[in-house]
Amino acid sequence: MASTSSLSLSNSLLARSVSHHAPASHSSDHRPAASSSSPAQIPIAALRRRFLQRQIRAAAIETLAPAETSLVDNSVNTIRFLAVDAVENANSGHPGLPMGCAPMGHVLYDEFIKFNPKNPYWFNRDRFVLSAGHGCMLQYALLHLAGYDSCKLEDLKSFRQWGSKTPGHPENFETPGVEVTTGPLGQGIANAVGLALAEKHLAARFNKPDCEIVDHYTYCILGDGCQMEGVAHEACSLAGHWGLGKLIALYDDNHISIDGDTEIAFTEDVSKRFEALGWHVIWVKNGNNGYDEIRAAIKEAKSVKDKPTMIKITTTIGYGSPNKSNSYAVHGSALGAKEVDATRKFLGWPHEPFHVPDDVKKHWSRHIPEGASLESEWNEKFAAYEQKYKEEADVLKSIITGELPAGWEKALPNTPEERNIRFGVREHGMGAICNGIARHCPGMIPYCATFFVFTDYMRAAIRISALSQSRVIYVMTHDSIGLGEDGPTHQPIEHLASFRAMPNVLMLRPADGNETSGAYRVAILNKKRPSVLALSRQKVPLIAGTSIEGVEKGGYIVSDNSSDNKPDVILMGTGTELELAVEAAHELRKEGKAVRVVSLVSWELFGEQSAEYKESVLPEDVTARVSIEAASTFGWERMVGSKGKAIGIDSFGASAPAPVLYKELGITAQAVIAAAKELC
């Protein structure tokens, strides 16, 4: 019964798909029944007929024709087969998107994107983001043809292998020419919004009526999966609100996701949604070989200055594969040798794997001298700008290079004026957009802020910050049960531990104004990792012994009445609880105890210090150790050791005034004193 129902559902979805996407004259077309015949045994004419029958999208049905031998067709098929061959060679990857998106990729990179292959970091280049990062062989193939040194033929042959420059999803720190790290769907389009916002911001600050020194576009290819993710909606809503006219998104409308046909879960009108978000929308009905349509759409998008543009391009996933195109079977696995052979026959591609025809090489080779010329022209333009506007030029150069201006530390207590971005209530989008801003150029240092508990909504973006080595500063307030009456839904418990566990993240919980300035300084100086600053809601006093310099060490001695590095007990704390450790130490010293108080503002920084320094702060022989933190005790055993005691909260909080919560949950100086007395 279940299988019958499933079959009925599949048939009804197929019928809906045909009627919805195909013109009336083709409304009776159906997918052919499965055949056990080997593709290699089927005549090429039959393969073409089967391929044509499989296309149920309007674009495919209206325009498919045998592949031509034109230069553009040759180039497009080169892109397709570089992707097919690399995935086949690795026996791993996603060939479907590159096969379907090769036409838009060719037109975009060959005719529109402004770049210099020999200097991937030239400032005024256009930015390209492949939000549908699983289709990364599309980007690697384009970078290879364009002459980037990061994607030579041997790199394509080592796709998805250990130590290669062509990982399974685009990674900016591995592959020059890749702007941002993408993979989790939706993140890339949000990064693209950040890149476009950075361009608009810099253009507003530095362009002059007689010289537009900042002038570049951000292009992005995204797919159905990206469109389904909430982060994409958050970011695209902001892009429309901000009127990012130099953001152009090409939507690969192939109606296939990892689950199968999108009819089973995604039937909204994406075009109308984007129009409602304030975007200009264009539909290219033939993305398979409608080069002129794609070209015209991009030109139209560039003519729209006051809003971003989404170009919906209807394609066939796995275009050219007679038996797997237009199905999820081509989404996430190699075609297989027989299907590769059948695809070669259908598309008239007799070449060996990884072959690039001479006419294609010659055509694409022009991008190297053209790119150098574009950069040289811009350098001359900047030199003239610098002569007329030296002060502005110096600031812009510091942003481009990432060199901090002299005296920047003196401004630590202030927030820079007129640079606030109002994200609304869009935590995930905010984090991902900040990643894009950070990746635009080294001197763009974004920070974003919300309640610490709502890092739950932006954790994926923070993880990408860490993975892509992006200097984003996450300023998280209301960091504990100290926020009080709002209750456990808003009270972080496990969050500190979770970010301490995340690679390449600096988790900082300063105790007072000195440590907060120190934490911000550390965050600015760490260029290749994000920082999370957990700040309290409640007021805190300035604690004697804290310092900006101490924060740089991650852990340091705040007070100590011991000698010879032999305290009776070591009390450790972070954030608002450091004050409780100091209070407990004061009482214990009245009883004759030698007590050391240590601030452990950042475990990561402390772990990076020398063994000698760590021994000077936490001597191995002193096993009487007590920690206090209004959060989960998970991980504190690393600091207090097997004989020490960790005071914390290993349950959810509650709704009550903060002082009551601290008392009821045992986060008090008295609890520290009692624990210390048990140990020494």
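It should be noted that the structure appears before, not after, this text.
A short tour of the structure in this document, coming up. Quick caveat: nothing in here was measured; it's all calculated off a predicted structure. (Residues numbered from 1 in each chain as written. Predicted model: local features only at pLDDT ≥ 70, side-chain atom pairs only at ≥ 80, totals over all residues. Heavy atoms only, no water.)

### Quick word on the overall build of the protein chain
Move 1: Check the secondary structure of the protein chain and you find 27 helices and 16 strands.
Move 2: Classification of the 680 residues of the protein chain by burial places 58% in the buried group.
Move 3: Of the contacts formed within the protein chain by residues at least 6 apart in sequence, a portion of 77% connects residues at least 24 apart.
Move 4: Just so you have it, the protein chain exposes about 27800 Å², and 52% of that area is on carbon and sulfur atoms. (Helix = DSSP H or I, 4+ residues; strand = E, 2+ residues; numbered from the N terminus. Buried < 20%, exposed > 50% of the residue type's maximum accessible area, 1.4 Å probe, protein only. Contact = heavy atoms within 4.5 Å. Areas by Shrake-Rupley, 256 points an atom, 1.4 Å probe, with all protein chains shown as cover.)

### Some points on the environment of S562
Move 1: Looking at where S562 falls in the secondary structure, it is placed in the loop between β12 (556–560) and β13 (569–573).
Move 2: The residues touching S562, leaving out its near neighbours within four places in the chain, are P567, A594 and R596.

### A word on helix α5 (residues 96–112)
Move 1: Across its 17 residues, α5 extends 24 Å between first and last C-alpha, which sits within 8% of the 24 Å expected from 1.5 Å per residue.
Move 2: Along α5, the sharpest kink reaches roughly 55 degrees, centred on A102 and followed within four residues by the proline P103.
Move 3: Of all 17 residues making up α5, 16 are buried, and the element is well covered by its neighbours. (Expected span 1.5 Å × (residues − 1). Bend = angle between axes of the 7 residues up to and from the residue.)

### Focus: the side chain of T450
Move 1: For T450, the position within the fold is in strand β8 (residues 447–451).
Move 2: In this view, T450 contacts E427, M430, M458, V475, M476 and T477; residues no more than four positions away in its chain are not counted.

### With respect to the sheet that holds β12
Move 1: The five strands are arranged β12-β14-β13-β15-β16 in an open sheet whose pairing can be described as mixed. The open sheet is flanked by β12 and β16 (645–647), the only strands paired with a single partner. Recorded for the sheet is a direction-independent mean angle of 20 degrees between the axes of neighbouring strands.
Move 2: Sheet analysis places strand β15 (residues 625–628) next to β16, joined by three bridges and oriented parallel. The residue bridging S627 from the neighbouring strand is A646, located in β16. (Pairing = 2+ DSSP bridges. Axes fitted to C-alpha atoms, helices over the stretch in contact; angles between N-to-C directions.)

### What about unusual backbone geometry?
Move 1: With phi around 60 degrees, N504 is a residue other than glycine that occupies positive phi space.
Move 2: By the element assignment, N504 lies in the loop between α19 (495–501) and β10 (506–508).
Move 3: Not every positive phi belongs to a glycine, and D564 is a case in point at roughly 60 degrees.
Move 4: Judged by its relative accessible area of 66%, D564 falls in the exposed class.

### With respect to the layout of surface pockets
Move 1: As a volume, the second largest pocket reaches approximately 670 Å³.
Move 2: Considering the residues around the second largest pocket, the lining is formed by 32 residues, among which Y121, A438, R439, C441 and P442 are closest to the centre.
Move 3: For the lining of the second largest pocket, the secondary structure elements donating two or more residues are α15 (367–388), α16 (390–401) and α17 (427–440).
Move 4: Across the lining of the second largest pocket, the residue classes tally to 14 nonpolar, ten polar and eight charged. (1 Å grid on protein atoms, 1.4 Å probe; cavity = no way out; pocket = protein on both sides within 12 Å on 5 of 7 lines; lining within 4 Å. Points joined across faces, edges and corners; volume = space filled by probe spheres on them. Nonpolar A, V, L, I, M, F, W, Y, C, P; charged D, E, K, R; others polar.)

### Some thoughts on helix α22 (residues 578–590)
Move 1: Spanning 13 residues, α22 covers 19 Å between terminal C-alpha atoms, matching the ideal 18 Å at 1.5 Å per step.
Move 2: Backbone geometry just downstream of α22 places G592 in the positive-phi region, at approximately 90 degrees.

### Side note on empty space enclosed by the protein
Move 1: Taken as a whole, this structure holds one cavity of 30 Å³ or more when the rule is applied.
Move 2: Considered as a void within the structure, the largest cavity measures approximately 90 Å³ in volume.
Move 3: Lining the largest cavity are 13 residues; nearest its centre among them are F115, D126, Y148, G177 and E179.
Move 4: Classifying every residue of the lining of the largest cavity gives six nonpolar, three polar and four charged.

### Some points on the pairing of strand β7 (residues 309–314)
Move 1: Burial analysis of β7 places six of its six residues in the buried class, the great majority of the element.
Move 2: Neither face of β7 is left uncovered, since the one carrying T309, I311 and I313 and the one carrying M310, K312 and T314 both have all their residues buried.
Move 3: Pairing between strand β3 (residues 247–253) and β7: six bridges, direction parallel. Within β7, the residue paired with L250 across the bridge is I311.

### Remarks on the packing of helix α10 (residues 230–242) against α17
Between two packed helices, the angle of one axis relative to the other and the distance separating the axes together describe the packing.
Move 1: Direction vectors running N to C along α10 and α17 enclose 70 degrees, while the axes themselves pass 8 Å from each other. Classified by the angle their axes make, α10 and α17 are roughly perpendicular. On α17, the residues that touch V231, E234, A235, L238 and W242 of α10 are E427, H428, G429, A432 and I433.
Move 2: The class makeup of the residues in the contact of α10 with α17 is six nonpolar, two polar and two charged. (Parallel < 35°, antiparallel > 145°, perpendicular 65-115°, else oblique.)

### Description of the packing of aromatic side chains
Move 1: Tallying each qualifying case throughout the model produces 17 aromatic pairs.
Move 2: On the basis of an interplanar angle of 50 degrees and a centroid distance of 5.8 Å, the ring pair of Y109 and F115 is categorised as tilted.
Move 3: The buried category is assigned to F115, whose relative accessible area is 5%.
Move 4: Look at Y140 and F159: their rings are 6.2 Å apart centre to centre, the planes differ by 70 degrees, and that puts the pair in the edge-to-face class. Of this pair, Y140 sits in helix α6 (residues 136–146) while F159 sits in the loop between α7 (153–157) and α8 (187–206), placing them 19 residues apart in sequence.
Move 5: We classify Y140 as buried; its relative accessible area is 0%. (Phe/Tyr/Trp six-rings, centres within 6.5 Å; stacked < 30°, edge-to-face > 60°.)

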